Amino acid sequence: TVGGASAGAITAIALGISEQEDFRDEISISNDPTLTSANLNESYKVRSLVYFWGSNVKLELFESVYGINRHDIHDPELFMAHGTKDVNPSTPFYEATELQEIYDSVGVYNELVPLEGEGHGAWHATVNGKGLFEMSYDFIVARQGLQLD
């Protein structure tokens with residue numbers, strides 16, 4: 001699971017939909033010898049994304065630069081919480097609804113929890129008595145089928 005808030009959410013979404021080789025081979029070891037210690041042969045699989053008040057800006061940039069739309073059925077499942085009154089120019093609430101539409105269109109499970117009346121950085125927000133961490137934890141446990149003792 002990868003997650004973040006604001007710029008961290010933007011980065012988490014980009015990581016979740018990117019292919020591992022998208023950025024790994026941009027710089028060669030001959031250009032940057034420190035890459036020999038970067039574990040470039042390791043692989044990973046992101047199964048879930050947690051997004052708090054982010055945006056699609058990095059995805060739109062990726063598409064405009066590389067001409068590739070990386071959204072597909074193989075994207076990780078997504079939990080979003082976003083304030084409906086987010087006035088940050090980079091992260092308005094409609095960015096979350098647009099991302100939900102994208103995920104719905106490719107058939108990837110997602111949940112959007114609108115934080116009614118909340119703005120950017122609403123760490124204190126609750127919905128039905130649950131805070132952000134409890135909601136995202138419940139999402140991860142349920143969607144990944146984790147067994148808790």
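Residues numbered from 1 in each chain as written. Predicted model: local features only at pLDDT ≥ 70, side-chain atom pairs only at ≥ 80, totals over all residues. Heavy atoms only, no water.

1. Observations concerning the overall build of the chain
The secondary structure content of the chain amounts to 5 helices and 6 strands. In sequence order, the chain lays out its α and β elements as β-α-α-β-α-β-α-β-β-β-α. The C-alpha extent of the chain, read off along each of the three principal axes, is 55 × 45 × 30 Å. By residue count, 38% of the 149 residues in the chain fall in the buried class. For the chain, long-range pairs separated by at least 24 residues make up 74% of all intrachain contacts whose partners lie at least 6 apart in sequence. One finds the centroid of the 8 positive side-chain charges in the chain at a distance of 4 Å from the centroid of its 23 negative side-chain charges. (Helix = DSSP H or I, 4+ residues; strand = E, 2+ residues; numbered from the N terminus. Buried < 20%, exposed > 50% of the residue type's maximum accessible area, 1.4 Å probe, protein only. Contact = heavy atoms within 4.5 Å. Lys, Arg positive; Asp, Glu negative; His and termini not counted. Charge placed at Lys NZ, Arg CZ, Asp CG, Glu CD.)

2. Points about the packing of aromatic side chains
A full pass over the atoms with the stated rule returns 7 aromatic pairs. Ring geometry for Y109 versus F139: centroids 6.2 Å apart, planes at 20°, classification stacked. Linking Y109 in the loop between α4 (94-106) and β4 (110-115) with F139 in helix α5 (residues 132-144), this pair joins segments that are 30 residues apart in sequence. By relative accessible area, which is 33% here, Y109 ends up partly exposed. Residue F139 is classed as buried on the basis of its relative accessible area of 3%. Among the aromatic residues, those joined into a ring-pair cluster are F52, W53, W123 and F133. (Phe/Tyr/Trp six-rings, centres within 6.5 Å; stacked < 30°, edge-to-face > 60°.)

3. Some words on the sheet that holds β4
One open sheet accounts for 4 strands, arranged β1-β2-β3-β4; its pairing is parallel. Lying at the two open borders of the sheet, with one neighbouring strand each, are β1 (2-5) and β4. This sheet shows a mean twist of 5° between the axes of neighbouring strands, independent of strand direction. Pairing of strand β3 (residues 77-83) with β4 involves 6 bridges; the strand directions are parallel. Bridging across to β4, H82 finds its partner in P114. Helix α1 (residues 7-17) rests against β1, β2 (48-52) and β3 of the sheet, and its axis sits at about 155° to β1. (Pairing = 2+ DSSP bridges. Axes fitted to C-alpha atoms, helices over the stretch in contact; angles between N-to-C directions.)

4. A word on the pattern of salt bridges
Taken as a whole, this structure holds 2 salt bridges when the rule is applied. The partner of R143 in a salt bridge is E77, and the shortest N-O contact between them spans 2.7 Å. Highlighted residues: R143 in helix α5 and E77 in strand β3, separated in sequence by 66 residues. Accessibility expressed as a relative area gives 34% for R143, which makes it partly exposed. Residue classification places E77 among the buried positions, given a relative accessible area of 19%. We note a salt bridge from K130 to D138, for which the minimum N-O separation is 2.6 Å. Residue classification places K130 among the partly exposed positions, given a relative accessible area of 32%. We classify D138 as partly exposed; its relative accessible area is 28%. (Salt bridge = Lys/Arg side-chain N within 4 Å of Asp/Glu carboxyl O.)

5. Regarding the environment of I29
Within the secondary structure layout, I29 lies in the loop between α2 (21-24) and β2. Spatially, the C-alpha atom of I29 lies 38 Å from that of Q100, the residues being 71 residues apart in sequence. The contact partners of I29, leaving out residues within four places of it in the chain, are L35, T36 and L40.

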